[in-house]
Structure formats: C-alpha cells, structure tokens
Amino acid sequence: MITKFQVAYKNLHRKRVRSLLTLIGIALSAWVLVSLLGFNHGYETSLNKDIDNMGFQLMIMAKGCPYEAATMMLKGGTGLKYMKESIINDVAKEPEVEKTTPILMAAVFDPNKGESGGVAGYFGIEPKSFSEMKPFLKFRQGRWFTDENAFEAVMGYEAAELEQREVGDMILIPEKNVQFKVVGILARTGTQDDGTIFVPLKTAQKVFGKPDEITTLGIKVKKGIDSTRFEDKMYQLPDVQVVSLAQVKQTIMQLISTAKVMVLSIALIAILIAMVGVINTILMSVHERFQEIGILKTIGAMPGDVFKLIWIETLILCAIGGILGIGLALILSKVTEVVIRHLLPYSPSGGLVLIDLKLILFTLAAVLCIGLLSGLYPAWKAGRIRPLEAIRSEIG
Amino acid sequence: MNQNMLAIEAENLTKVYLRGSEEIPAVNDVSLRINKGDFISIIGPSGSGKTTLINLLGCLDNPTSGELCLAGRSIFNKGKRLSERELTKIRREIYGYIFQNFYLIPTLTVMENVTLPLTFYRKPDTENEAVKLLRLLGMEHRKDHLPGQISGGEMQRVAIARAMVNKPEILLADEPTGNLDTKRSAEIVQVLQELNRKAQLTIIMVTHNQELARCANRMFEMRDGRICQIACEPERIYCNDASADSP
C-alpha cells in the first residue's frame, strides 16, 4: 500500500522544473540563514576567544594610549603614552588583584620590511608573569629569555614566518641599531601575539629609552570580584585609563552591529521570498490538480487527508531545500568567511562562520516551520475542494 | 419487497439548481428502488439529469428534497443536509466510482493507483485485494506501469480495480465507456457484468449508448429530470465474445 508521503513525494516529480526552482529558492534562503547565524555565533566565539587569550581582564594604561597592538601598528608606534613602573606595586597591593603583568609596547619602522617598509611590534615583558597570565602560550621552538637584561627575543608564529627567522638567528632593530638573538618561537595562537616580538622588559626599557616606564599593566582579578566596582577603584589612580576586556568586546560588537542588522534584514527578505515562492508553487499545484483532489475525496480521502497530503508536499520541499542550503553553507563557509572578513572593519583571528550541529538543527527546524506555515493556506484550500465541483470543472 | 434486499431506496428525490432567480429542476421527484445485485443502466439525452441523479444516489451531492435510504439506513430525509465529511464517510463505506475520464494519478503506477483508496480508508479483509482485482481484470502484468504507458481501455480497468479495492456494496459508473472505442467499451461493460454476476455487486451505470445499456438487467430513462423504467430484464446482451480475463 502506498503511503501519503510517497503520494506527496511522487507528485513533486510532476513539474520537475517548478519543484527544482522552488527548492533552489528555499536552499538559498537556508544558506543565507545558516551563514548569518553561523557568522553571529562564530564572530562572538572568536572574539571571546581572542579576548580570553589576552589572559587578563583589565588593562591599565596612561590616558590616551592605544591599548591594542593593531591600533599601535596602524599609528606607526606613535601616540604611545607611558606610566611609571611603580604603579605595578600600587595595583598589586589591592586585595582584589590576583596577578599583574607589565608591558612596554613599542613599534619600530623597518625600511627593509616588505616592498615599502613596515612596522614591527615589540612587547617588553616579564616572561614569568606574562606566561602565567597566558598559560596557553606554547613554544614551537626554543624557550623564554635567560635573564631580564638579555638581548634575546621570542617571536610570535607569524612574525617568525614573516621575518624568516629560526631559533639562533639574529634580528636587528634598525632605528636603534641593536641586535637580538632569537631564543624561542611561539606556536600559533590565533591572537595578536602571533605577530609580536617579545623581548625582556628591562632590555626594552633600555633600548627604547624608557627606564622605569611601562605602557600597559595587565591585571587578573580574583574570582568572584565585581570587576565594574574594581574598575571604578582603579580610575582613582592619577592619569590612567582602565580598559576592561568586556568593554573592548562591547565596542567591537557595536562596530559590527550595523552590518549584522543589514545581513539579518537581507536574510529575512530572502526567507519571505522563499515563503511566497513555496505558497505559489503549492497553490499552482493544487489548482492544476483540482479534479484529481476531488477524485481523491470520492475514493475515500477526508478533508484532513487531503490537507496532510498537500502539507507533506510543502514539508518535503522545505526539508530538501533546507538540507541543500545547509550543505551549501557548510561547503561555502570559508568563502563566506573571506567575504565577511573583507567587508568588516575589524574581525577576530579565529573562524568567523561557525556552523555546529545545534545551528544546523535549528536552521532545519526553522525552515520546516516556514514550510508548515507556507503550506497552511494551500492545504486548507485543497481540503475544502468538493468532489462534485472538481468533477464538473474543466481544470485538469 | 424484503427491505434487506434493497440497496437503494429513493423517494421523491429532487435537485433544483438556481441560475440567478430561476429554478432549474435537474432531478424532479424521482422515486426508485434498486435491489442488491442489480445492474442498472440509466440512459437519456444530455441535460436530462442522469448524472445529477447518479451524484445524488452516490452521495456526491445533497438533494434539495426527498429521501434516500441505503440498505435500509436513512441518509437524506426531511431536507437534512450532510457535511462533506459525513458524505465522505458514507461514500467510502458503500460506494466505488468510475468516471468517463478515469482520473488516475499520473505519477503513480497502476498498482499504486489501485491501492490508493486503502491509504485513506481500509475495510477489513482487503488484504491482497488489489492483486486479485488486477489479475481478474487482466492487468497484473501492467502493475508497474504508469497510466501514461497504458491504453484507455486499460486505464478504465485500473479505475475499476481502484473502485473495487475496498469491496464496495455499490459501483457507480458515469459514462464509463465515453472515452473508449466500441471494442474497448464492450470489454469494459463485460467486466462490469462479470463483477455483477460473480460478486453480486450492485452497479448503476449512466450511459449514452443504448446498446451498452441493454447489458444491464434493468434500464431506466431520464427525461427532463424525471425517470421511467423502460425495461425490466430487457433482452439482455451478454458480452460473451470478450473475455474478462484478458485485456
């Protein structure tokens, strides 16, 4: 005995081109939907990861100082402001503070870098406190510096790739005419650390002429501490700005919110168009099969049976279209990512489009719901066809 | 007459259509009794009301007035109108229908078309009924073909099998040979005769063809919405020259 599902499925083969076009419409909508949701999910996850990988929840710096390596590089190393090193002790004695790590940021223009020169970012750090803050840092080669006054450098993964350096090689800071020996190369982290060259804090202070000064103090607060209250407390220190990473995240999220709203609007329009397409296809199909549906009723189909048949047709279209769209989104996620990365003013270093099982199931459920809604009217209309009117009609 | 023997009893059945303010009686005060196992043919010119009558007898439509009883059970009386759902319940319990245009589903195979009614409603003891019917109608070898791959006569045989698969008490045939040539028409009527004779199936057939109408055991004629019996056990023609077991 043939099932209602088989009857509905076989009917979709009747007008193959029309069914195919409707499928494509649904698939494209599903693709847009899953890519958008994947982007929302992926962007936030990557941003969170980036921020978490910074290792500290708060940064203190002199007022007006750029707090992010990328900004510092863009400004060519200019505009940096400095604080006295003594601030480390002032902050460390606060009961809320678990750990601190001082950083001296510097950017140096290297005329030999690239075709028209480039800026290299240097971070003067204390390896012990810095690596405690960032336990995820792993060495691809080598180790940290031997002592705090050594002329040794640890290179981020991408910096080493770019400069073509290995452990044992020397790097020159052109403006200062100082050489550092590369003692370690970090494994890829997917963060801004990949493009940074780390040197001992004391050496950096000497080389860049900033004795007893730092640009940034990274702070990790103890668990359960209200970070907003602590931020307010830190603001009472003279001439400093406090940047919380939540604040950084919020600023970036605000930056991309306009883009997200636009993409969301496009997705909604695509879904509406697909819905109208489905309704049109099924209505046409019901109209063309007016007589046939009437005959189904003479051979025993109740209005509910006809309703189900038409509804199943809509569901099959939406399920296949949804699966195709999700497949398309998975296959093209890398391309989508490249396009989005190109369009956005800032994007985190991890994957931008993250499509997981939960998202796939959610999208499929959403597409099926759209199918159920789209099929309601045509199915209701078909269920109301009276066999006598259908037999008498000239349609079919 | 023994009430248990009655398949259909219609009293003063009337169906009036409205065209604007004008009333057109398509079926006018028709009374008739059809026994179980009767093979009835209804003839008449176009517009005489024979299709409207068969639609009323087959519960495809509500009458304007009159009474209809099926196997002693009152269906329409005192102007009571039945909903589409109620009509469907009666139809699938009692009737099988065949039409001039066959109305097979083009995307389903012969076997799937025949078993389609069972998807919606299944009477007990209908296991393997489709296979038996296709064999009886000489269509077993075509069971996997689509309607577009078989002839008109074969399509009507499939439609008959579909109408019979749920073991109806009454088979209604509205111009079942209207789209067929003489040879195929005779074959189809012969199949109906076989079903009537072997399964004691009550058949009501509407036709334009006087010759085929004489294959029934009772003939009625419709004129201007009224009915009269023109022959009881007429010089009945049996289509013995064609075999029901071969197409």
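Preceding this section is the structure that the text describes.
Residues numbered from 1 in each chain as written. Chains lettered and ligands numbered in written order. Predicted model: local features only at pLDDT ≥ 70, side-chain atom pairs only at ≥ 80, totals over all residues.

Peer 1: Break down the overall build of chain B for me, citing the residues and quoting the values.
Peer 2: Within chain B, the regular secondary structure consists of seven helices and 10 strands. Counting across all 247 residues of chain B, residues that qualify as buried make up 50%. A fraction of 71% describes how many contacts in chain B between residues 6 or more apart in sequence connect residues 24 or more apart. (Helix = DSSP H or I, 4+ residues; strand = E, 2+ residues; numbered from the N terminus. Buried ≥ 20, exposed ≤ 12 C-beta atoms within 10 Å, placed from the backbone. Contact = placed C-beta atoms within 7 Å.)

Peer 1: Would you mind going over the overall build of chain A in detail, with residue names and values included?
Peer 2: A count of helices and strands for chain A gives 14 helices and 12 strands. In chain A, the share of contacts with a sequence separation of at least 24, taken over all contacts with a separation of at least 6, comes to 82%.

Peer 1: Give a detailed account of unusual backbone geometry, specifying residues and quantitative values.
Peer 2: Positive phi, close to 55°, is recorded for Asn177(A), a residue that is not glycine. If you trace the backbone, Asn177(A) turns up in the loop between strand E7 (170-173) and strand E8 (178-186). Looking at Asn177(A), the number of C-beta atoms within 10 Å reads 8, which means it is exposed. Unusually for a residue other than glycine, Gln200(B) sits at a positive phi of about 50°. With respect to the secondary-structure elements, Gln200(B) resides in the loop between helix H6 (182-199) and strand E8 (202-206).

Peer 1: Kindly report on the nonpolar core, identifying the contributing residues and their values.
Peer 2: Residues Ala161(B) and Ile204(B) are the most contacted members of the largest nonpolar core, which totals 123 residues. Considering every element that reaches this core, the biggest residue donor is helix H2 (residues 16-52) of chain A, with 13 residues. In contact with Ala161(B), other than residues within four places in its own chain, are Val114(B), Ala130(B), Leu133(B), Leu134(B), Leu137(B) and Met139(B). (Core = buried A, V, L, I, M, F, W, Y, C linked by C-beta atoms within 7 Å.)

Peer 1: Account for the interface of chain A and chain B, naming residues and giving values.
Peer 2: The interface of chain A with chain B comprises 24 residues on the first partner and 24 residues on the second. The set of elements that each furnish at least two residues to the side of chain A that touches chain B consists of helix H1 (4-11), helix H10 (290-298), helix H11 (303-331) and helix H14 (387-392) of chain A. Of all the elements, H10(A) adds the most residues to the side of chain A that touches chain B, at five residues. Residues belonging to the side of chain A that touches chain B are distributed by class as follows: 11 nonpolar, six polar and seven charged. (Nonpolar A, V, L, I, M, F, W, Y, C, P; charged D, E, K, R; others polar.)

Peer 1: Quick one: what's the story with the sheet that holds strand E1 (residues 6-19) of chain B, residue by residue and with numbers?
Peer 2: Hydrogen bonds along the backbone pair up the strands of a sheet, which may run parallel or antiparallel. Residues and elements named next belong to chain B. If you walk across this open sheet you meet the four strands as E2-E1-E4-E5, and the pairing is antiparallel. At either end of the open sheet lies a strand with only one pairing partner, and these are strand E2 (22-35) and strand E5 (73-76). Strand-to-strand twist of the sheet, defined as the mean angle between neighbouring strand axes without regard to direction, takes the value 25°. Across 10 bridges, E1 lies against E2 in antiparallel orientation. Considered in E2, the bridge of leucine 18 is made with glutamate 23. (Pairing = 2+ DSSP bridges. Axes fitted to C-alpha atoms, helices over the stretch in contact; angles between N-to-C directions.)

Peer 1: Outline the pairing of strand E7 (residues 170-174) of chain B, listing residues and values.
Peer 2: All names here are of chain B. A large share of E7 lies buried, amounting to five of its five residues. Side chains of E7 alternate between two faces, with Ile170, Leu172 and Asp174 and Leu171 and Ala173 buried alike. Of the strand pairs in this sheet, strand E6 (residues 95-99) and E7 are connected by five bridges, and their pairing is parallel. If you follow tyrosine 95 over to E7, its bridge partner there is isoleucine 170. One crossover worth recording links E7 to the parallel E8 by way of H6, and it is right-handed. (Right-handed = clockwise from strand over helix to strand, strands pointing away.)

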